[in-house]
Amino acid sequence: MAPLLKVSDLTVRFGGITALDHVGFTVETGRMVGLIGPNGAGKTTVFNCLTRRYDADEGTVDYVGTDLLSVPPHAIAALGIARTFQNLGLFPGMSVRDNVLVGAHSRARAGFGSAALRLPAVRREEARLRDAADEILERLGLTDVADHPAVGLPFGTLKRIELARALAAGPRLLLLDEPCNGLSHGEVGEFADLLRAIRADLEVTMIVVEHHMGFVMSTCDRVVCLEFGRKIADGTPDEVQNDPAVLRAYLGTAA
């Protein structure tokens, strides 16, 4: 079976700085791949290329036969790709349910005219999306706060809301940018269990950028390590965490 995603020779330059230097890796359908590396290694730059926030100078990104680098940014969600962010991008004054419904917008088929006229088909579609959002809220344990504004809720809850919003888009590929950042030890374990269940039940393929090594090594099937924009390791969690190049990148030459 062909991989869901194949990144080849991805290169990004900002002036005289090379943020990514011919990076390549593959992601098999149904897998969870961890993308790790010290700060400044280029991990978020990879995500920004996959979601077309950045243009690449060289390389290709094949997503089930489509070169993502030729796709306009507004079309990424419709291809089945969703993303969460390290710094939460929720709308604090909106209810939790409405925040999740924002993620479902890419699945809406109504045009501007029919939406403005509130035709019956539009009302049926809105009901369908609301039901789907409520199902996701229940799956993520957010039903009790569905009508509460996002502002003032605990940080761990906000992380789950952002995950719910991404899932509302019905993604085939989910990009998670530091999902464990700011979570307590217990919350990290709960979030890992939640992602495993989502992957199994919804058949979502995931790429995770994360600094929490315990989470990465216990949850991901494969791990790719970057340093200064270059790939220095790619393999199973055991292979990568024992790779001398990875140990040097994280712990220094003496290690």
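See the structure printed just above.
To keep things clear, this report deals only with the structure shown in the data block. The structure presented is a predicted model; accordingly, all values stated were derived computationally and were not measured. (Residues numbered from 1 in each chain as written. Predicted model: local features only at pLDDT ≥ 70, side-chain atom pairs only at ≥ 80, totals over all residues. Heavy atoms only, no water.)

1. Focus: the overall build of the protein
Line of reasoning, step 1. The secondary structure content of the protein amounts to 9 helices and 10 strands.
Line of reasoning, step 2. A compact globule built from 255 residues would reach a C-alpha radius of gyration of about 18 Å, and the protein, at 19 Å, matches this within 12%.
Line of reasoning, step 3. Here the protein holds 255 residues, and 44% of them are scored as buried.
Line of reasoning, step 4. Long-range contacts, defined here as pairs at least 24 residues apart, represent 67% of the contacts in the protein between residues at least 6 apart.
Line of reasoning, step 5. If you sum the accessible surface of the protein, you get close to 12,300 Å²; carbon and sulfur atoms cover 52% of it.
Line of reasoning, step 6. Put simply, the protein has 26 plus and 32 minus side-chain charges, and the middle of one group is 4 Å from the middle of the other. (Helix = DSSP H or I, 4+ residues; strand = E, 2+ residues; numbered from the N terminus. Rg over C-alpha atoms; globule rule 2.2 N^0.38 Å. Buried < 20%, exposed > 50% of the residue type's maximum accessible area, 1.4 Å probe, protein only. Contact = heavy atoms within 4.5 Å. Areas by Shrake-Rupley, 256 points an atom, 1.4 Å probe, with all protein chains shown as cover. Lys, Arg positive; Asp, Glu negative; His and termini not counted. Charge placed at Lys NZ, Arg CZ, Asp CG, Glu CD.)

2. Re the sheet that holds strand 9 (residues 222–227)
Line of reasoning, step 1. With mixed pairing, 6 strands are arranged side by side in an open sheet as 6-7-8-3-9-10. On the outer flanks of this sheet lie strand 6 (81–83) and strand 10 (230–235), each paired with one strand and no other. Taking the axes of each pair of neighbouring strands and ignoring which way they run, one obtains an average angle of 15 degrees across the sheet.
Line of reasoning, step 2. Sheet topology note: the strand 7 (residues 173–177)/strand 8 (residues 205–209) ladder contains 5 bridges and is parallel. Within the sheet, the bridge partner assigned to Leu-176 lies in strand 8 and is Val-208. (Pairing = 2+ DSSP bridges. Axes fitted to C-alpha atoms, helices over the stretch in contact; angles between N-to-C directions.)

3. Structural notes on the packing of aromatic side chains
Pairs of aromatic rings are described using the distance from one ring centre to the other and the angle between the two planes.
Line of reasoning, step 1. Inspection of the entire model under this criterion finds 1 aromatic pair.
Line of reasoning, step 2. Ring centres 5.3 Å apart and planes at 80 degrees place the aromatic pair Phe-14 and Tyr-54 in the edge-to-face group. Of this pair, Phe-14 sits in strand 1 (residues 5–14) while Tyr-54 sits in the loop between helix 1 (43–50) and strand 4 (58–63), placing them 40 residues apart in sequence.
Line of reasoning, step 3. For Tyr-54, a relative accessible area of 29% puts it in the partly exposed group. (Phe/Tyr/Trp six-rings, centres within 6.5 Å; stacked < 30°, edge-to-face > 60°.)

4. Some words on helix 6 (residues 185–202)
Line of reasoning, step 1. The terminal C-alpha atoms of helix 6, which comprises 18 residues, lie 26 Å apart, in line with the 26 Å expected from a rise of 1.5 Å per residue.
Line of reasoning, step 2. All of the buried residues in helix 6 are Val-188, Phe-191, Ala-192, Leu-194, Leu-195, Ile-198 and Arg-199. The arc that holds every buried residue of helix 6, seen down its axis, measures 165 degrees, which confines them to one face. Every exposed residue of helix 6 that faces more than 90 degrees away from the buried side is listed here: Glu-190 and Ala-200.
Line of reasoning, step 3. Two residues or fewer after helix 6 comes Glu-203, characterised by a positive phi angle close to 55 degrees. (Expected span 1.5 Å × (residues − 1). Arc of directions from axis to C-beta.)

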